[in-house]
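Residue strings, one per chain:
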Amino acid sequence: IVKPKRVTWAELNRATRKLTDISDEEHRQLLLNFIRAYERTLPDYQAQVAEARHRFTWINRGTIEWIPIRGGRFQVGSTFPVADERPMQWIEISAFEAAVSEVTNAQYKRCVDARVCTPPHWDDKSCEIFSDLHLKRGVLPASMRRGDMPVVCVDWNQANRFAKWVGGRLLSETEWEFVARSGEKSFIYPWGRNAAHCGLAVMHSGSDSGCGFGIPWPVCSKTQGKSHIGLCDLAGNVWEWVTDQYRPNHELVPPDGRPFTGGGRKVIKGGSFSSNYKELYSSTRGQLSPNGRSNSVGFRVARPEQETR
């Protein structure tokens, strides 16, 4: 048996600086080899191991994974006494593909590096930061800047530009609700009919948001809360921008799954790490100015159905 060569920190830094010379898989393996070799050794290496883990999150969640969504018919909205979720309407959804997870920091950075997207508003103090359910504009905490965390502090226009860059778009509100209900199953929650809890979603529970951490979690952390279609974090973690202009009810919802377009405030769906179980129903609707930025709002992307892969 040939043991892998022990990677030095200097070699790892050289490889990280020359990413064009190695593949993502080679870089991933270098990081893993370093972590495994040094994580239980002298304390002097622990800061470097932590940095290697941080870099690994940027490699591991840098590529979008797509899932085909079969078309179908369902009822958007609910019978709850909530005005903007009524009346329920039948919608016919055409097939498309959706991202498994919310867009990550690593995925978004690739668009920034390509000089297509503008950077998230992490440091200019224009982003609304939830902390212990208090809201104020500020700087995004370092704990939310890992590569596998959902990108936040991006407005609707930034999300829309990224979606176009990857050959896609934001979901329409009815498409989003269709996948959050696990298609024609019409579930109340993505996973079924059982009430939301921290085993299923990153949410506010008891007196703590983020299931005790006060922030979102890395995408797809709550595997038991996936929809039956296979999408993560459709309830909780961060709200998700969709294409639609906000409307006060479902009377004008397009019956073919297209977005309700126009100016004004945009719809956000799914709830966030600061939402309780009453806000995590698939039918729940939020609204935000298209220029709004928050550490509780991110997005997911869709694209046309791919004939060949």
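Look above for the structure.
My aim in this report is to walk through the structure given alongside it, one point at a time. It should be emphasised that the depicted structure is a prediction, and the values quoted were computed from it without experimental measurement.

Rules used in this analysis
- Residues numbered from 1 in each chain as written.
- Predicted model: local features only at pLDDT ≥ 70, side-chain atom pairs only at ≥ 80, totals over all residues.
- Heavy atoms only, no water.
- Pairing = 2+ DSSP bridges.
- Helix = DSSP H or I, 4+ residues; strand = E, 2+ residues; numbered from the N terminus.
- Axes fitted to C-alpha atoms, helices over the stretch in contact; angles between N-to-C directions.
- Contact = heavy atoms within 4.5 Å.
- Disulfide = S-S within 2.5 Å.
- Buried < 20%, exposed > 50% of the residue type's maximum accessible area, 1.4 Å probe, protein only.
- Expected span 1.5 Å × (residues − 1).

### Topic: the sheet that holds strand β11 (residues 297-299)
Alright, step 1. Ordered in space as β10-β9-β8-β11, the 4 strands form an open sheet in which the pairing is mixed. Since the sheet does not close on itself, it has two edges, and those belong to β10 (285-288) and β11, each with one partner. Shown here is a sheet whose adjacent strand axes are inclined to one another by a mean of 50 degrees, direction ignored.
Alright, step 2. As defined by bridge partners, strand β8 (residues 239-245) adjoins β11 across 3 bridges and the pair is classed as parallel. Note on β11: the bridge partner recorded for Trp241 is Phe299.
Alright, step 3. Set on the sheet, helix α5 (residues 156-165) makes contact with β8, β9 (266-269) and β11; between it and β8 the angle comes to about 85 degrees.

### As for the state of the cysteines
Alright, step 1. Applying the stated criterion across every chain yields a total of 4 disulfides.
Alright, step 2. Two residues, Cys127 and Cys153, share a disulfide whose sulfurs are 2.1 Å apart. Disulfide Cys127 to Cys153: torsion about the S-S bond roughly -80 degrees, handedness left-handed. Taken together, the positions of Cys127 in strand β5 (residues 127-131) and Cys153 in the loop between β6 (134-138) and α5 put the pair 26 residues apart, joining distant regions of the chain. Neither residue differs from the other here; Cys127 and Cys153 are each classed as buried.
Alright, step 3. Paired through a disulfide, Cys220 and Cys232 show a sulfur-sulfur distance of 2.2 Å. Linking Cys220 and Cys232, the disulfide has an S-S dihedral of approximately 100 degrees and is accordingly described as right-handed. In this pair, Cys220 sits in the loop between α6 (173-180) and β8 while Cys232 sits in the loop between α6 and β8, placing the two residues 12 residues apart along the sequence.
Alright, step 4. You can call Cys220 buried: its relative accessible area is 11%.
Alright, step 5. By sequence order of its bonded cysteines, the protein has the disulfide arrangement 1-2, 3-4, 5-6, 7-8.

### Concerning helix α4 (residues 105-113)
Alright, step 1. Taken as a whole, α4 has its buried residues at Asn105, Ala106, Gln107, Tyr108 and Cys111.
Alright, step 2. One or two positions beyond α4, positive phi appears at Arg115, with a value near 65 degrees.

### Quick word on helix α2 (residues 24-38)
Alright, step 1. In a regular helix each residue adds 1.5 Å, so 15 residues correspond to 21 Å; α2 covers 21 Å between its end C-alpha atoms and thus fits that length.
Alright, step 2. The complete set of buried residues in α2 reads His27, Arg28, Leu31, Leu32, Asn33, Phe34, Ile35, Ala37 and Tyr38.

### Topic: the sheet that holds strand β12 (residues 301-304)
Alright, step 1. The strand order across the open sheet built from 4 strands is β1-β4-β12-β7, with neighbouring strands paired in antiparallel fashion. A single partner strand is all that each edge strand has here, and the edge strands are β1 (66-69) and β7 (169-170).
Alright, step 2. In this sheet, strand β4 (residues 96-99) lies alongside β1 in antiparallel orientation, the contact comprising 4 bridges. Along β4, the bridge assignment pairs Trp66 with Ala99.

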